[in-house]
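Summary of structural features
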Amino acid sequence: MISKVTDSIIYVGVNDHDVDLFEGQYVVPNGMAYNSYVILDDRNVVVDTVDKTKTDEWMGNVRQALGGKQPDYLLIQHMEPDHAGSIQAFVNEYPDVTVIGNKKTFVMIEQFFPNLNLERKLVFNNGENLNIGKHVLNFVFAPMVHWPEVMMTYESTEKVLFSADGFGKFGALDVEEDWACEARRYYIGIVGKYGAQVQAVLGAAAGLDIQIICPTHGPVLTENLGYYINLYDLWSSYTPEEPGVCICYTSVYGNTKYAAELLRDRLIEKGVHIGALNDLARCDMAEAVEDAFRYDTLVLATTTYNSEIFPFMNQFIDHLTERNFQNRNVAFIENGTWAPMAKKVMRNKLSGCKKLNIAENNITIKSAVNAKTLSEIDKLAEEIADLYKAPEVPAQAENRMDTSALFKIGYGLYVVTSNDGVKDNGLIVNTVTQVSDKPNRIAVNINKANYSCEVIQKTGKLNVSVLNEDAPFAIFKHFGFQSGRDTDKFADFDHAGTATNGLKYLDKYANAYISGNVIDTVDLGSHMMFICEIPECVKLNDVPTMTYNYYQAHVKPAPASQKKGYVCDICGYIYEGDELPADFVCPLCKHGPDDFSKL
């Protein structure tokens, strides 16, 4: 398969419909695509190869793209055999080619191809670049996304990111299917453990003007790149993608299954979205893992088995913990005829996971569902449904004046919303104060460079959402790291209500909202202070306000440059401390102290 990405970048990848299990474990009913690219310039570059089962087809594509020209460079971004399997065949046909990689790349080439003698090679460091004529290749290392040698390449002339396995998906390119479903299953299954590493790469890419993404699996992405990048940001930060309940169960004689189905039905009656109901003994396990990460609530239902839990549930939870499952609501249903232990075992297996909100009304079945079980199911359904209830805001505008909402104001962080007449907007601010109580007045300081400042000056209206300690870093990135001049921040944002003044407020991750009508302004130089009367203020919940100190200590990722300690030469993991223990084993790649360097 050959096609144009741009006039000078040619796709030369292949489709594989012969593979049934990708990496020997993931079912791929629509096959796989192994992507490779040719960049035509003063010096011609082939980017990555393909699996050895498709070498001949790929070589034909490369010859056609080159049109009789010779390749000057073979760029290897990732040494996994589905991308590097044809290196030897390529070098045999083009012995004068120079192979490009990093130090780890060439170590792996020697391991995979012990009889390959590379006479020409170029070793690059992170951040270095190569000028090939009109194009400049900038190398961005991405260790453990998802192998230690991985690097991405940014071509700065045409603004193309060659993203290695990043932004890849299952499925051949001659099959039409939804991108997100198979990309999510691919990411969670293969890359999911390495969220911190993906976040680091996204941070590095944030400063690049990317117009096209060329992954090593799946389609070339040319439109709505913010959609794909936002999903990767959610997945890699372990933030639930959407509200909903995933129920996963195992059942020997049908009683546990029946309880799981009853809970599903009760939740549907209460208007709760059921994202999935998975029988772990029969479903695709990778799909079930994907569902657990997609939704914000997970219900686990299983039987006690040999004083432990049923094997498929045991395997499922292992898949979750291996991939750093966190930031979710979790509930349990256990079944045991004489000594129910499943709930305790499941909870212990999840004990190392961060930020799990464990339900209070978990369910114990003794053999079969009875009246007591039905009562417990109703209580759990009510508890879960409460998670999805929007905060109770009085229907009548005249009743929306609860001055206790003003008690939520502190030296914290806020989302200030406005509307420019076309779209709603919001930004992060850290300076909101109550300046009087008779009458109630607040002051909101906004940087003049922000689009919101301009909008509020014109409209004279704003809302302040007081962020609480549940707000994840994704909220700060969403409202603080992009401009409302060119982004509709509420287009795909699910957690918002509308106040009487017509402006949005956050009905999740905020403990109060306050509406303001501007009655005066004070020019402070870099900032404009808006003095506002308060026609409406509502307390939403009692979760503590997100203070600036709490944000710095618990939410904002620490800059890697500030870390002191030792870095793993294999995968990039950083151990913080003055001395590396002699028996230390890297939690990611399992290498010992000999493979660490001092920062």
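Report on the accompanying structure. (Residues numbered from 1 in each chain as written. Predicted model: local features only at pLDDT ≥ 70, side-chain atom pairs only at ≥ 80, totals over all residues. Heavy atoms only, no water.)

Turning next to the pattern of salt bridges. If you walk through the whole model with that rule in mind, you get 30 salt bridges. In this structure, lysine 372 and glutamate 376 form a salt bridge, with 2.7 Å as the shortest nitrogen-oxygen distance. Residue lysine 372 and its partner glutamate 376 are located together in helix α12 (residues 371-387), separated by 4 residues, close to a single helical turn. The residue lysine 389 makes a salt bridge to glutamate 382 at a minimum N-O spacing of 3.3 Å. Overall, the relative accessible area of 51% leaves lysine 389 in the exposed class. Sharing partners across several salt bridges, the network here consists of Glu182, Arg185, Asp284 and Glu287. (Salt bridge = Lys/Arg side-chain N within 4 Å of Asp/Glu carboxyl O. Helix = DSSP H or I, 4+ residues; strand = E, 2+ residues; numbered from the N terminus. Buried < 20%, exposed > 50% of the residue type's maximum accessible area, 1.4 Å probe, protein only.)

A separate point is unusual backbone geometry. Here the residue pair valine 145 and histidine 146 is connected by a cis peptide bond, since its omega of 10° sits within 30 degrees of zero. Turning to its location among the elements, histidine 146 is positioned in the loop between β13 (136-141) and β14 (151-155). Cis peptide bonds are those with omega within 30 degrees of zero, and the linkage from lysine 438 to proline 439 qualifies with 0°. You can see proline 439 is positioned in the loop between β26 (432-437) and β27 (440-447). Within the chain, asparagine 324 stands out as a residue other than glycine whose phi angle is a positive 65°.

So, about the nonpolar core. The nonpolar side chains of soluble globular proteins are, as a tendency, buried together. Core analysis: the largest hydrophobic core is formed by 91 residues, its most contacted members being Ile87, Leu300, Phe316 and Phe325. The next biggest cluster of nonpolar side chains, apart from the first, holds 23 residues, and it includes Ile442, Val444, Cys453 and Leu462. (Core = buried A, V, L, I, M, F, W, Y, C linked by side-chain atoms within 4.5 Å.)

With that out of the way, let us pick up the sheet that holds strand β33 (residues 565-568). If you trace the 3 strands from one edge of the open sheet to the other, you get β34-β33-β35, paired in antiparallel fashion. Across the chains shown, the open sheet's two edge strands, defined by having one partner strand only, are β34 (574-576) and β35 (596-598). Taken over all neighbouring pairs, the strand axes of this sheet differ in orientation by 25° on average, direction set aside. (Pairing = 2+ DSSP bridges. Axes fitted to C-alpha atoms, helices over the stretch in contact; angles between N-to-C directions.)

This next bit is on the packing of aromatic side chains. In the structure shown here, the tally under the stated rule is 29 aromatic pairs. Taken together, a centroid distance of 3.9 Å and an interplanar angle of 15° make the contact between tyrosine 505 and tyrosine 513 stacked. The pair tyrosine 505 / tyrosine 513 is uniform in exposure class, with both members buried. Over the aromatic face of phenylalanine 106 sits the side chain of lysine 121, whose NZ or CZ is 5.0 Å from the ring centroid. (Phe/Tyr/Trp six-rings, centres within 6.5 Å; stacked < 30°, edge-to-face > 60°. Lys NZ or Arg CZ within 6 Å of the ring centre and 35° of its normal.)

Where helix α13 (residues 451-459) is concerned, the buried positions are Tyr451, Ser452, Cys453, Val455 and Ile456. Those residues of α13 hidden inside the fold are in contact with β24 (414-419), β25 (424-429), β27, β28 (461-467), β31 (510-523) and β32 (527-539). One or two positions beyond α13, positive phi appears at glycine 460, with a value near 70°. (Contact = heavy atoms within 4.5 Å.)

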